[in-house]
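# Overview (structure and organization)
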Amino acid sequence: MGFLEVEDLKVYFPIKGGLFNRTLGNIKAVDGVSFSIEQGKTYGLVGESGSGKTTTGRAIIGLNDITSGKVLFEGKDLTSKKSKTASVRKDIQMIFQDPYSSLNPKKRVLDIVAEPIRNFEKLSKQEEKKRVQELLEMVGLSPESILKYPHEFSGGQRQRIGVARAIALKPKLIIADEPVSALDVSVQAQVLNFMQDIQKELNLTYLFISHDLGVVKHMCDEIGIMYKGRYVEQGTKQDIFENPQHIYTKRLVAAIPDIDPRHRAEQKQFREDVQREYEQSYNDYFDSEGLAYGLQSVSDTHLVALPEKG
Amino acid sequence: MWKFIVRRLVITFPQIILLSVLVFIMAQMMPGDALSGMIDPNIDPAAIEKQRENLGLNDPWHERYVDWVGGLLQGDLGESFRFKMEVTELVEQRLINSFWLGVATLFFTYLIAIPLGIISGRWNDTWGDQLITGYTYIGFATPLFIFALVMLWVFGFQLQWFPTGGSVEPGLTPGSFDYVWSKFQHLLLPALSLALIATVNTVQYLRSEIVDTKQKDFIITARAKGASESRVYNRHIFRNSLLPIAAFFGFEITGLIGGTVFVEQIFGYPGMGLLFMESILLRDYTVVIAVVLLFGIASILGALISDIILSLVDPRIRIK
Amino acid sequence: MSEKLLEIKNLKTSFRIKDDYYAAVDDVTLTLNKNEVLGIVGESGSGKSALAFSVMGLHNRAKIEGNILFKDQDIANISPAKLNKLRGDDMAMIFQDPLTALNPLMIVGDQISETLLLHKKNMSQKQRKDRVISLLDQVGIPYPEHVYNQFPHELSGGMRQRVIIAIAIANQPELLIADEPTTALDVTIQAQILDLIKDLKDDMNTGIILITHDLGVVAEMADRVAVMYAGQIVEIADVHTLFENPLHPYTRSLLNSVPNTQEGQDKLHVIQGIVPSLSKLPREGCRFAARMPWIDESVHEENPVLHEIKPGHFVRCTCHKHFYFPDESKEDSNHGVS
């Protein structure tokens, strides 16, 4: 039994059109996704724009309506009506991509960080202030900054404020949606370091959503690769990076620029080989609609979307 | 695009029906009915009641509504209490006058707005821009009825450049050159007064569109291609900024309606606005109702025109 | 030795904020040869884009001092008419955001064709159209005749970026400045676009300035690399030297911040803090000194200059000789530096 279990999750968005704005069909943003995360681990959800990775994260936390499927958190079904309001919700928090737009510019840091506390706990003004100051210290910001506004902080610091808000209720699971992609490289490294520190300190579990395989490789224990709403491959970090099976995963891995200029020629060769394989064997990996097949297991930890044999 | 326009047209019908219902309810709330004012007060109330029954005035509201709409569709807007004539007849000439006043006002509005907006937007924060922006602030702050009075006093009475009332010199043969010329002269001062105030919105809107477009990335792309400053403005900035202005056109019509009420009153110009005011003062409710209905329809059509223009000029909508 | 295409000498580009001028690019000197890719790396606020815009003359109200010699002609402060002859013809630029860099109300064909119209006066309309279609084909756009008549919003991000590249290479420029050309794109598309730029360079013998924050992109593309911090070049070297033997503390920290170099390492070894904003830049002494307070102040030069350590390898200031990363076993106290 996993800590977070997602079973056959589907999120469809209706396509409106025609003369009377009827529903003509569905965009299958998430189309049958299943995975599970163990407590204290970091699970990476990787994909390009439109792959459905963000929608998956938002559906788990309840920001997108689920069309069908189950989300079990510590054995409790989050999709049932009852749990929508229940306190399970405070155990799951989200960190958003853009530190510039995800913080309300008209609110002080105190109000931003205290917001979830106010929703779930009754604290006096004094207690609340003390709590916020502790949180700010924990994310490496000066406790005096509670009365400042978001624009007085840099991007990395804002992301820390976002993290402070997310950990305010001592959650168990944090869904981090591209938490560093809007940040400069060295600031990105600072935030990643800090996310790791705080994970150890609070025994957090991360669902880490990102398009950046380099970052995912650094952060995650297990990785799922999404393409057009479906999983194409899932496995441990080693499975994915050292032994990618699906052509799409190979393309992603091949596309990461190699930081060592000596590998330039090999890297280009590798990329060309993968591209050739992609063109030649496209039909082996995608169905007639260009979607991935169901997952088949290759090893205990490694699942790949391949057509069923025979 | 056709889909968009058809869909937009389909939406217009419920809007007009809703308008008619609202106007009908309003009409019902007005004191009196079709018999009020027509009857000798000495007649036995019972006889009046009988007459009411015969005319269907005691029918349930939805039947009366259907009757009323049926009449509207046949061009029957009722009869004026005061003038004892068909409202349709009363409105016809007024409508034509207002139409020309509107056309002239729109013409002047854009004649003023486009050059001022362009100058102000292209050279923003220069003294020229500040002058124009200053004018727009004055325009925003000045109540139309005061401005129109001042215009009338200065150009009509003091300088005597323009006639001070009516829509045409009496005694001229309709259709003759003198007649048309006189109509034009009567139109000019109210139209200008209205345009000078109404245009400030468009000037400001165009200015901010241009200032906005100037900072867009594709302008940098154009410069990097080696396009001269004038080409950048003519081909990229003005074109892109004028399109939303074109879409504003329909709303301009809506805005005009409010303006004509004041301006026609002040210049004694016999159009719909003046008729509206007169009939309110005379408590000529059938006329008020008719005018409100027509104004409402004009507003709805204005919005419709705006959306259609927008769909024609903006490829992002056109393609859908 | 290869031929010199662009030579920038002591360039200083300043912007006016209230009543003072602040230099976003300060004392930059560099050269670019034909058929060479010079990578310029830095984070936001480092002045790398301001440098590119200075070369292209795209700054609106900036004070530009120093020399920008393009084919031996100083273009730093030439007349707009002369500049417009060069821009789009001999030198061109690829922009970061394909979503906003194209005019939304103009068909793609006309936007590419405009570059030809401006510089190839004797081309007929038919010739221009043919050329645009062959350009679309060259940048790898399928169905070029069809795409010619499409509006930007009908194309995907990768396709739009190809259109922007087509605009830039329409007149086979000798100098191409690519400002974060792949930042807004998906990784698989990024790889395709980079390969495209590389192929085009070899075909046309173009000198390329590649501006990016992505060290992986630089490692794959560049021949030489300049690292910018706070408006200055802090280190410049050929790509192998820079990645194998980085000297300046900032370069070292930057390289450490890339996660996949740190195989098996738990922590990314980076220096805390960010590039200071334009109005808060230290104007005297080593601009990086404030980021490493554990290093003795006396090791910095009073007026740091670029020192040639080895032929072609330049490093600013002398502090790199004494630099070490602080022990990060305990959370350092530098978090809140703004």
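Residues numbered from 1 in each chain as written. Chains lettered and ligands numbered in written order. Predicted model: local features only at pLDDT ≥ 70, side-chain atom pairs only at ≥ 80, totals over all residues. Heavy atoms only, no water.

Take the overall build of chain C next. The secondary structure content of chain C amounts to 10 helices and 12 strands. Computed over C-alpha atoms, the radius of gyration of chain C comes to 21 Å, within 12% of the 20 Å expected from 2.2 N^0.38 for 338 residues, which places it in the range of a compact globule. Oriented by its inertia axes, the alpha-carbon framework of chain C measures out at about 70 × 45 × 45 Å. Per-residue burial for chain C yields a buried fraction of 59% across its 338 residues. Contacts in chain C between residues at least 24 apart in sequence constitute 67% of all its contacts with a sequence separation of at least 6. (Helix = DSSP H or I, 4+ residues; strand = E, 2+ residues; numbered from the N terminus. Rg over C-alpha atoms; globule rule 2.2 N^0.38 Å. Buried < 20%, exposed > 50% of the residue type's maximum accessible area, 1.4 Å probe, protein only. Contact = heavy atoms within 4.5 Å.)

Attention shifts here to the interface of chain A and chain C. With 37 residues of chain A in contact, the opposing surface of chain C contributes 48 residues. Both faces combined, the contact of chain A with chain C buries some 3,700 Å², and carbon together with sulfur accounts for 53% of it. The largest contributions to the chain A side of the interface with chain C come from Val185, Ile259 and Arg264 of chain A, which together make up 18% of the buried area. There are 4 salt bridges connecting chain A and chain C. (Buried area = accessible area lost by both parts, 1.4 Å probe. Salt bridge = Lys/Arg side-chain N within 4 Å of Asp/Glu carboxyl O.)

Residue and element names in this part refer to chain A. Residues Phe13, Ile15, Leu24 and Ile27 make up a contiguous nonpolar surface patch of about 350 Å² in total accessible area. Breaking the nonpolar patch down by element, the ones donating at least two residues are strand 1 (4-17) and strand 2 (22-37). One can find isoleucine 27 in strand 2. On the basis of relative accessible area, isoleucine 27 is assigned to the partly exposed category, the value being 46%. (Patch = residues over 30% accessible without salt bridge, like charges linked within 9 Å, V, L, I, M, F, W, Y side chains within 5 Å. Areas by Shrake-Rupley, 256 points an atom, 1.4 Å probe, with all protein chains shown as cover.)

Another point: unusual backbone geometry. All names here are of chain C. Despite not being glycine, asparagine 35 shows a phi value in the positive range, around 55 degrees. Within the fold, asparagine 35 resides in the loop between strand 2 (20-33) and strand 3 (37-41). By relative accessible area, which is 31% here, asparagine 35 ends up partly exposed. One non-glycine residue with positive phi stands out, namely lysine 71, at about 50 degrees. Overall, lysine 71 belongs to the partly exposed group, its relative accessible area being 38%.

Moving on to the domain arrangement of chain C. Residue and element names in this part refer to chain C. In terms of domains, chain C is made up of domain 1 (1-90 + 174-193 + 201-325) and domain 2 (103-170). Spacing between the C-alpha centres of domain 1 and domain 2 amounts to 31 Å. Between domain 1 and domain 2, the residue contacts involve 12 residues of the former and 10 residues of the latter. Carbon and sulfur atoms supply 61% of the area buried between domain 1 and domain 2, which totals about 850 Å² over both sides. In this structure, aspartate 89 engages lysine 120 in a salt bridge whose closest nitrogen and oxygen atoms are separated by 3.7 Å. Applying the counting rule to domain 1 against domain 2 returns 3 residue pairs in polar contact (both at pLDDT 80 or more). (Domains from an automatic or database assignment. Polar contact = N/O pair within 3.5 Å; in protein donor to acceptor, adjacent residues only side chain to side chain.)

Under the local residue numbering, the UniProt record ascribes the feature "domain: ABC transporter" (unreviewed entry) to residues 6-255 of chain C. Here residues 6-255 of chain C runs as 39% helix and 28% strand, with 27 Å between its end C-alpha atoms. (UniProt positions renumbered as here; feature names shortened; annotations may be inferred.)

So, on to helix 10 (residues 272-281) of chain B. Residues and elements named next belong to chain B. Residues Met272, Gly273, Leu274, Leu275, Phe276 and Ser279 constitute the buried set of helix 10. Looking at the buried positions of helix 10, the neighbouring elements they touch are helix 4 (87-122), helix 9 (229-267) and helix 11 (285-313). Once helix 10 finishes, arginine 283 follows within two positions and takes phi at roughly 55 degrees, a positive value.

Before going further, it helps to examine the packing of helix 9 of chain B against helix 10 of chain B. All names here are of chain B. The interhelical angle for the contact between helix 9 and helix 10, taken along N-to-C directions, is 80 degrees, at an axis separation of 7 Å. Between helix 9 and helix 10, the angle is such that the two are roughly perpendicular. Facing Thr260, Val261, Glu264 and Gln265 of helix 9, the residues of helix 10 in contact are Met272, Gly273, Leu274, Phe276 and Met277. Each residue belonging to the contact of helix 9 with helix 10 can be placed in one class, and the counts come to 5 nonpolar, 3 polar and 1 charged. (Axes fitted to C-alpha atoms, helices over the stretch in contact; angles between N-to-C directions. Parallel < 35°, antiparallel > 145°, perpendicular 65-115°, else oblique. Nonpolar A, V, L, I, M, F, W, Y, C, P; charged D, E, K, R; others polar.)

If you walk through the whole model with that rule in mind, you get 20 aromatic pairs over all chains. Look at phenylalanine 24 of chain B and tyrosine 65 of chain B: their rings are 5.2 Å apart centre to centre, the planes differ by 75 degrees, and that puts the pair in the edge-to-face class. One end of the pair, phenylalanine 24 of chain B, is in helix 1 (residues 2-29); the other, tyrosine 65 of chain B, is in helix 3 (residues 61-73), with 41 residues separating them in the sequence. By the burial criterion, phenylalanine 24 of chain B is buried, and tyrosine 65 of chain B matches it. Put simply, the rings of Tyr227, Tyr248, Tyr278, Tyr282 and Phe286 of chain A pair up and form one aromatic cluster. Lying across the ring of tyrosine 21 of chain C, lysine 63 of chain C places its NZ or CZ 4.3 Å from the centre. (Phe/Tyr/Trp six-rings, centres within 6.5 Å; stacked < 30°, edge-to-face > 60°. Lys NZ or Arg CZ within 6 Å of the ring centre and 35° of its normal.)

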